[in-house]
Amino acid sequence: MRIACFDMPPIFMAAEDGHGTTGKGVHILKLAFERIGYRAVFHHMPQPRALRSVVVGESDVYCAVAKDFGDMSLTTSSEPYYQVQTAFYQRKQADWRYNGMQSITQRTLVSVKGFDYRNAHPMLHRYLETRPPNVIMLHGSKPWERMVSIVLAGRADTALLGVDQANYVMRKLGATGQIVPVEGYRAYSPAYVAFSRQSSHLQPLFDQALRDAEQRVGDL
């Protein structure tokens, strides 16, 4: 089972030696696919390329999508395999408070190009699709580390991150506690896998494997 995945620490990360993928999501998906008789093989690549590889059939599964994922050529699982608490982050010395989308439009935001924010913040997702001038869009390798670095350097005011994701990246950068959650916003964002056209028949089996094994993870 060829699984296309991208940088989303601590869920999916490129291995330190540059070969393969590690992370909590790897463990969960391996167990789920083993239960239905498949060996999961992970291919780590930039997010837009990962999605395209599943759409065109080069890969069988896309590692993380929102429930209302819009690509009708793919089949989304009914069961989420993890749930992440998300928050807007800012430098520790800043004093901004989230007060709806209007407050976002008045700040410089750093985001990852093509990332699906629909579960975490639907209005933000729609806003980013308009390509607003106050948003720095990142693409390429290690986008989350670069995102945190940009906020730390003061080049952006805020970024929407998973809580454990932010903690992991700060530890890796030696910057623990230097960015903090903004007051006024917390959300829980479940993630699902999406199957390619040729693998869509596995979706109900995968969902049943998750239910039977109780492999879904809360508050990663």
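Preceding block: the structure.
Residues numbered from 1 in each chain as written. Predicted model: local features only at pLDDT ≥ 70, side-chain atom pairs only at ≥ 80, totals over all residues. Heavy atoms only, no water.

Peer 1: How do you make sense of the packing of aromatic side chains when you look at a structure like this?
Peer 2: To describe a pair of aromatic rings, one takes the distance between the centres and the angle between the planes. What the rule picks out here adds up to 11 aromatic pairs. Taken together, a centroid distance of 5.1 Å and an interplanar angle of 35 degrees make the contact between Phe33 and Phe206 tilted. With Phe33 in helix 1 (residues 24–35) and Phe206 in helix 7 (residues 203–213), the pair connects residues that are 173 residues apart, well separated along the chain. Owing to a relative accessible area of 0%, Phe206 belongs among the buried residues under this scheme. Here a set of aromatic residues connected by ring pairs shows up, and it is made of Phe88, Trp96, Tyr98 and Tyr185. (Phe/Tyr/Trp six-rings, centres within 6.5 Å; stacked < 30°, edge-to-face > 60°. Helix = DSSP H or I, 4+ residues; strand = E, 2+ residues; numbered from the N terminus. Buried < 20%, exposed > 50% of the residue type's maximum accessible area, 1.4 Å probe, protein only.)

Peer 1: Sorry if this is basic, but what is going on with the nonpolar core here?
Peer 2: As a rule of thumb, nonpolar side chains are buried together in soluble globular proteins. Phe12, Phe33, Tyr81 and Phe88 are the most contacted members of the largest nonpolar core, which totals 72 residues. The element best represented in this core is strand 12 (residues 187–195), accounting for six residues. Excluding residues within four positions of it along the chain, Phe12 makes contact with Cys5, Phe6, Asp7, Thr21, Thr22, Gly25, Val26, Leu29, Phe42, His44, Cys63 and Tyr81. (Core = buried A, V, L, I, M, F, W, Y, C linked by side-chain atoms within 4.5 Å. Contact = heavy atoms within 4.5 Å.)

Peer 1: When you look at the pairing of strand 5 (residues 61–65) in this model, what are you seeing that I'm missing?
Peer 2: Both faces of the sheet carry side chains from a regular strand, because those side chains alternate between them. Across the five residues that make up strand 5, a large majority, five, are buried. Note: strand 1 (residues 2–5) against strand 5, two bridges, orientation parallel. The partner of Ile3 across the bridge, within strand 5, is Val61. One ladder, built from three bridges, connects strand 5 with strand 12; its direction is antiparallel. Across the sheet, the residue bridging to Val61 is Phe195, located in strand 12. (Pairing = 2+ DSSP bridges.)

Peer 1: How should empty space enclosed by the protein be read in this particular structure?
Peer 2: If a probe as big as a water molecule is rolled over the atoms, it shows which places are left empty. Inspection of the entire model under this criterion finds two cavities of 30 Å³ or more. In this structure, the largest cavity encloses a volume near 320 Å³. Considering the residues around the largest cavity, the lining is formed by 25 residues, among which Met8, Tyr82, Thr86, Phe115 and Ser189 are closest to the centre. Those elements giving two or more residues to the lining of the largest cavity turn out to be strand 5, strand 7 (82–91), strand 10 (159–162), helix 6 (163–173) and strand 12. The volume enclosed by the second largest cavity comes to roughly 30 Å³. Contributions of two or more residues to the lining of the second largest cavity are made by strand 8 (109–112) and helix 4 (122–129). A total of three residues in the lining of the second largest cavity trace back to one element, the largest contributor, which is strand 8. When the residues that make up the lining of the second largest cavity are grouped by side-chain class, the tally is six nonpolar, one polar and no charged. (1 Å grid on protein atoms, 1.4 Å probe; cavity = no way out; pocket = protein on both sides within 12 Å on 5 of 7 lines; lining within 4 Å. Points joined across faces, edges and corners; volume = space filled by probe spheres on them. Nonpolar A, V, L, I, M, F, W, Y, C, P; charged D, E, K, R; others polar.)

Function cannot be read off these values alone, since they describe shape.
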